[in-house]
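In case you want the letters, here they are:
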Amino acid sequence: LTIPAGYVTKVETSGCDPTSLWFSSKDPSFTVRSDGVIIALRSVTMETGERTFSVGVHDNNGPESEMEVHLVYKRTRKTNEKREAVLRRTKRHWRPAPFHILENGKPPFPIYIDQFVSDSSQNYSVFYTLRGPGIDEYPFDIFSFNSENGKLYLKQSVDREEYSEFHLTARVFDKVNQKERDNPAPITVIVDDENDNAPEFIGPLQFVVDEQNGPGTLVGQLKSTDRDDPNTDHSRVQYKLLSGLNYFAIHPKSGTITTVTNTLDRETTDKHFVIVEARDREGAANGLFTTCTVTINLRDVNDNPPTFLKTPYKATIAENIGEKLLLRIPVEDKDLINTPNWISKFIITKGNENGNFRIDRDPATNEGCLYVTKPLDYEVSPIVRLEVLARNEAELNS
Ligand SMILES: [Ca+2]
Ligand SMILES: [Ca+2]
Ligand SMILES: [Ca+2]
Ligand SMILES: [Ca+2]
């Protein structure tokens, strides 16, 4: 239980002539300055936890008077280890509650924010310093303060999306001896959000989905961002479909687009342009919004078989002719050209039991080309009936 050397406490006098005031300590471990401050000359042990000594004071007007100074060790509430002499003033920690300002402040500036006060200002004549980003570090000149009273002012508009908090350090000094009175205090200025940013779409706005799919098929997911405070509804976005409702739906929160019908037909419309709105404040009427056009491409499905443009065909050929192109048989297929959904295969299903015919596909036109490959004999059969089937390379999607 020791008092470290240095400042202990200050004694007050009244009714004395300050110009001739003189103190003396009756305890050689302490001295008293002319301003009444008691200084421990060395570290002083307090075996019983207490120590009492006398301080004498006199001026030119009268006899010396004495007062007793009684020092007591006291357990602090927070810890049993740390003891503090009641009369010994230590530097204190002070930590003002965070200050709040609203972003986008409007002139006239400066706008008064609040005051930070160290409680040493009650007993001492003090002044403050304040340093950090917003004062003497980038961004400069956001704040000003009164060094006499700790009043803090906003000098210009702040964008929360640029600076959401400022962390400054205040210090308090004794005006008389320039000594720091308390520990430096953190000053936090929190910039409160205004909803001044509409959501923005990010990520792809083009999707592909198979045509003729059933309702509820996933098309894709929209993503957006909102620069406002993520802890407020200023950045909580909901999505809404403004067009294409006959075919599509969007989940208001996830932004997932799905189909609502099985009648999406690429052969009718191969691209859908759908307008989507993203609105903050969870879609409330006073939310800020943005819209975008989403392109939904339909992927072809083989839902159309090749069809003959006319039937039946008739052709004539002289007997005893070997290899000859007899007939070109065009087909129509509404599916996507030059894909397996469109390319036809031709098969002779009847009438070619003797192997006199062959059918090939013309890769340029998708026509079936019917050839005689083995000479025919008029006397055997003057008329040959062939049945030809056309089908796609890809399986038909029924
Ligand atoms: Ca917003
Ligand atoms: Ca904002
Ligand atoms: Ca087809
Ligand atoms: Ca198709």
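The protein has the name Desmocollin 2 like in an unreviewed UniProt entry, where Nothobranchius rachovii is given as its organism.

Chemist: Go over the coordination of the calcium ion (ligand 4) with me, naming the residues and quoting the values.
Modeler: The coordination sphere of the calcium ion (ligand 4) contains the protein donors Glu211 (OE), Glu267 (OE), Glu267 (OE), Asp300 (OD), Val301 (O), Asp303 (OD) and Asp335 (OD), at a distance range of 2.1 to 2.6 Å. Binding-site remark: the calcium ion (ligand 4) is held by donors from one chain whose sequence spacing is E-x55-E-x32-D-V-x1-D-x31-D. Overall, the relative accessible area of 12% leaves Asp300 in the buried class.

Chemist: I'd like a rundown of the side chain of Glu211, residues and numbers included.
Modeler: Topologically, Glu211 is positioned in the loop between strand 18 (206–210) and strand 19 (218–221). Buried and unpaired, Glu211 has Arg266 as its nearest opposite-charge partner, separated by 4.4 Å. Within the structure, the side chain of Glu211 is placed 2.8 Å from the backbone nitrogen of Arg266, a separation counted as a polar contact. Every residue in contact with Glu211, bar those within four places of it in the chain, is listed here: Leu264, Asp265, Arg266, Glu267, Leu298, Arg299, Asp300, Val301, Asp303 and Asp335.

Chemist: Explain the domain arrangement of the protein to me, using residue names and the numbers behind them.
Modeler: Per the domain assignment, the segments of the protein are domain 1 (2–85), domain 2 (99–192), domain 3 (200–299) and domain 4 (307–392). A straight line from the C-alpha centre of domain 2 to that of domain 3 covers 47 Å. Taken together, the contact between domain 2 and domain 3 spans four residues of the former and four residues of the latter. Both sides of the domain 2 and domain 3 interface together cover about 280 Å² of buried area, and 33% of this is carbon and sulfur. Area buried by domain 2 at its contact with domain 3 is led by Asp159, Arg160 and Glu161, which between them contribute 96% of it. Linking domain 2 with domain 3 are one residue pair in polar contact (both at pLDDT 80 or more), by the criterion used here.

What counts, and where the lines are drawn
- Residues numbered from 1 in each chain as written.
- Chains lettered and ligands numbered in written order.
- Predicted model: local features only at pLDDT ≥ 70, side-chain atom pairs only at ≥ 80, totals over all residues.
- Heavy atoms only, no water.
- Donors = N, O, S within 2.8 Å, 3.2 Å for Na, K, Ca; no water.
- Buried < 20%, exposed > 50% of the residue type's maximum accessible area, 1.4 Å probe, protein only.
- Helix = DSSP H or I, 4+ residues; strand = E, 2+ residues; numbered from the N terminus.
- Lys, Arg positive; Asp, Glu negative; His and termini not counted.
- Salt bridge = Lys/Arg side-chain N within 4 Å of Asp/Glu carboxyl O.
- Polar contact = N/O pair within 3.5 Å; in protein donor to acceptor, adjacent residues only side chain to side chain.
- Contact = heavy atoms within 4.5 Å.
- Domains from an automatic or database assignment.
- Buried area = accessible area lost by both parts, 1.4 Å probe.

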